[in-house]
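Okay, here's what each chain looks like letter by letter:
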Amino acid sequence: MNRLPYFLTSFVVLILLQLLIFNNIQLSGYVNPYIYVMFILILPLNIPSWFLLLLSFMTGFVVDLFSGTFGVHSFATVMAGFARPWILSLNVALEASDPGSSPSSYISGRRWFFIYAITVVLVHHLSLFYVEVFSFTGFFRTLLRVMFSTVVTTFFIFIFDLLRPRK
Amino acid sequence: MRSLLNFLLRFKTLILFLVLETVALVMISSSHNYHQSVAFGAARTVSGFFARRLENSRSYLRLKQINQQLVTENLILRRQIEELRPIPRTDYTTVHDTVNGTSYSYLSATVINNSVNKQKNFITLDRGSNHGVATGMGVASAEGITGVVVGVSRNFSVAMSLLNTDFRLSARIASNDYFGSLAWDGKNFRYAQLSEIPHHVAVNQGDTIVSSGYSAIFPEGIVIGTLTGDMKKGGDFVTLKVQLSADFKKLTDVYIIGNLNRAERDTVEAEVIDE
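Read on for a plain summary of the structure. (Residues numbered from 1 in each chain as written. Chains lettered and ligands numbered in written order. Predicted model: local features only at pLDDT ≥ 70, side-chain atom pairs only at ≥ 80, totals over all residues.)

**Concerning the overall build of chain B**
Here's step 1: Helix and strand counts for chain B come out as six helices and twelve strands.
Here's step 2: Here chain B holds 275 residues, and the buried ones make up 31% of them.
Here's step 3: Within chain B, residue pairs in contact and separated by at least 24 positions form 60% of the contacts whose partners lie at least 6 positions apart. (Helix = DSSP H or I, 4+ residues; strand = E, 2+ residues; numbered from the N terminus. Buried ≥ 20, exposed ≤ 12 C-beta atoms within 10 Å, placed from the backbone. Contact = placed C-beta atoms within 7 Å.)

**Notes on the overall build of chain A**
Here's step 1: On a plain count of helices and strands, chain A comes out with seven helices and zero strands.
Here's step 2: Starting at the N terminus and ending at the C terminus, chain A contains elements arranged as α-α-α-α-α-α-α.
Here's step 3: When contacts within chain A are restricted to residue pairs at least 6 apart in sequence, those whose partners lie at least 24 apart make up 67%.

**Observations concerning the interface of chain B and chain A**
Here's step 1: Between chain B and chain A, the contact holds 25 residues from the first and 22 residues from the second.
Here's step 2: Every element with two or more residues in the side of chain B that touches chain A is listed here: α2 (12-29), α3 (31-34) and α4 (38-59) of chain B.
Here's step 3: Taken together, the residues that form the side of chain B that touches chain A break down as 16 nonpolar, six polar and three charged. (Nonpolar A, V, L, I, M, F, W, Y, C, P; charged D, E, K, R; others polar.)

**Quick notes on the nonpolar core**
Here's step 1: Counting residues in each nonpolar core, the largest one holds 46 residues, and the members touching the most others are Leu125(B), Val149(B), Ala159(B) and Val242(B).
Here's step 2: Among all residues touching Ala159(B), those that are not within four sequence positions of it are Phe122(B), Ile123(B), Leu125(B), Val139(B), Gly147(B), Val148(B), Val149(B) and Val150(B).
Here's step 3: One finds Tyr36(A), Phe70(A), Tyr116(A) and Leu16(B) within the second-largest nonpolar core, a separate group that totals 45 residues. (Core = buried A, V, L, I, M, F, W, Y, C linked by C-beta atoms within 7 Å.)

**Structural notes on the sheet that holds strand β11 (residues 237-244) of chain B**
Residue and element names in this part refer to chain B.
Here's step 1: Strand order in this closed barrel of six strands is β6-β7-β8-β11-β10-β9, and the pairing throughout is antiparallel. Averaged over all adjacent pairs, the angle separating strand axes in this sheet is 45 degrees, with direction ignored.
Here's step 2: Direction of pairing for strand β7 (residues 179-183) relative to strand β8 (residues 191-198): antiparallel, over a ladder of three bridges. For Ser 181, the partnering residue across the bridge sits in β8 and is Ser 195. (Pairing = 2+ DSSP bridges. Axes fitted to C-alpha atoms, helices over the stretch in contact; angles between N-to-C directions.)

**Re the pairing of strand β5 (residues 157-164) of chain B**
All names here are of chain B.
Here's step 1: Burial of β5 is extensive: eight of the eight residues sit out of reach of the surface.
Here's step 2: The pairing of strand β2 (residues 120-125) with β5 spans five bridges and is classified as antiparallel. Paired with Thr 124 across the bridge in β5 is Val 158.
Here's step 3: Bridge analysis of strand β4 (residues 145-152) against β5 gives five bridges, and the strand direction is antiparallel. Within β5, the residue paired with Val 149 across the bridge is Ala 159.
Here's step 4: Connecting β4 to the next strand, β5, in antiparallel fashion are four residues.

**Focus on the sheet that holds β2(B)**
Residues and elements named next belong to chain B.
Here's step 1: Strand order in the closed barrel formed by six strands is β1-β2-β5-β4-β3-β12, with antiparallel pairing between adjacent strands. With direction set aside, neighbouring strand axes in the sheet form an average angle of 45 degrees.
Here's step 2: As paired strands, strand β3 (residues 138-141) and β4 are joined by three bridges and run antiparallel to one another. Considered in β4, the bridge of Ala 140 is made with Ile 145.

**Digging into unusual backbone geometry**
All names here are of chain B.
Here's step 1: Backbone geometry places Asp 177, a non-glycine residue, at a positive phi of 65 degrees.
Here's step 2: Tracing the backbone through its elements, the reader meets Asp 177 in the loop between β6 (169-173) and β7.
Here's step 3: For Asp 177, a count of 10 C-beta atoms within 10 Å translates into the label exposed.
Here's step 4: Although it is not a glycine, Glu 196 adopts a positive phi angle of roughly 65 degrees.

**Considerations on the environment of Tyr178(B)**
Residue and element names in this part refer to chain B.
Here's step 1: Within the secondary structure, Tyr 178 is located in the loop between β6 and β7.
Here's step 2: Residues Tyr 178 and Val 201, spaced 23 residues apart in sequence, show a C-alpha to C-alpha distance of 7.8 Å.
Here's step 3: Ignoring any residue separated from it by four or fewer positions in sequence, one finds Tyr 178 in contact with Arg 172, Ile 173, Ile 197, Pro 198 and Val 201.

**Quick notes on the environment of Lys187(B)**
Here's step 1: In this fold, Lys187(B) is placed in the loop between β7 and β8.
Here's step 2: Distance from Lys187(B) to Asn117(B), taken between C-alpha atoms, is 8.8 Å for residues 70 residues apart in sequence.

**Focus on the packing of helix α3 (residues 49-67) of chain A against helix α4 (residues 72-89) of chain A**
Residue and element names in this part refer to chain A.
Here's step 1: Following both chains from N to C, one finds α3 and α4 inclined at 155 degrees, their axes separated by 7 Å at the closest point. Classed by the angle they form, the pair α3 and α4 counts as roughly antiparallel. Read as a crossing pair, α3 and α4 show a hand that is right-handed. Contacts from Ser 49, Leu 52, Leu 53, Ser 56, Phe 57, Thr 59, Gly 60, Phe 61, Val 63 and Asp 64 of α3 reach α4 at Val 72, His 73, Ser 74, Ala 76, Thr 77, Val 78, Ala 80, Gly 81, Phe 82, Arg 84 and Pro 85.
Here's step 2: Looking at the contact of α3 with α4, its residues break down into eleven nonpolar, eight polar and two charged. (Parallel < 35°, antiparallel > 145°, perpendicular 65-115°, else oblique. Left-handed = near helix turned anticlockwise from the far one by under 90°.)

Honestly, it's all geometry; don't read function into it.
In structure tokens form, the structure reads like this:
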């Protein structure tokens, strides 16, 4: 089954949404949703981990290129891509499903997808915001930014997951 | 050899992870050069194209406010013209003045991309090298100083916002001429911090902070903000909290300020410092 066009479209749509809409959402400096992480979330279950890492890096690199933050997003997406297989392995509900399928609430249930998404997003946002500040001064302020943004990002990813075409 | 290969194969994911994270960290540590790089120049042309279209549609919503600002600015300029108008004299002479002539050039520009929510914010402007913009030029709105140009492509330029934790500017208190270093602490986009002011200096809430003219980027006396009265003591100096007069969330029309004598000034300063 050739699913390349599907993932290519997802990639382009998510990056465009991020750059044109979500980068412009500026609520008090505490909420900066980075919904493009969803691309790393929805890659097929059986993707080799090295390939996942390369794709994660590429995703971060493209976002970096267009938002003028050189390397910050790349660092965070590689971290998320590295954590994803471990987060998936903690889960049992998946064993029954088709190994080539893409993780979604449709296949594995909303509660599962929510926990999966919020964990990967948290890993991504933690590394992103701390690397962006590049110091632990204002530790709790950055932590608050991570928390608020994680919740909002996960909320949007959850909605997009319900809206996306099921395959 | 075989065991080394086995080792590499076994830990290939971990090794790849470490390699990619190292690449990312190297990129981050070289990011101060990034805004001049070719890769970003190409990306800026693409993102500038989209940003300009977005800004075109957004600017209609702010027309009334922009008009208001322009009227206010016109008023100030008219007053200045009145002050400068010479008393009529009959004995005109021509003076070829090369020192006190125009030393700063002004170019209007529109902000097409801007943020206030990051630690390192940048402003994209719709003017580039085609219009004479070069790195190191100052950016100010009618209300106050907003940034410094750090990268230029043919039709766009990127300025480091005052709201960037790397931004430093020499600023002085207008009422008593003491100067210090102005920086942003990354917290609230309405306030910046003026440090290195000696203890004994008497300051009042509402005192105006202006550019000092020591940096060759901005002419002397451009408004930055006003003191809120909050101060933090540490060592021999105090740090004062400054309410910025430019509202970075509503930034639309700005001026790019170029110092025509900058090359000369930099050369003479470099000569002295080298010795």
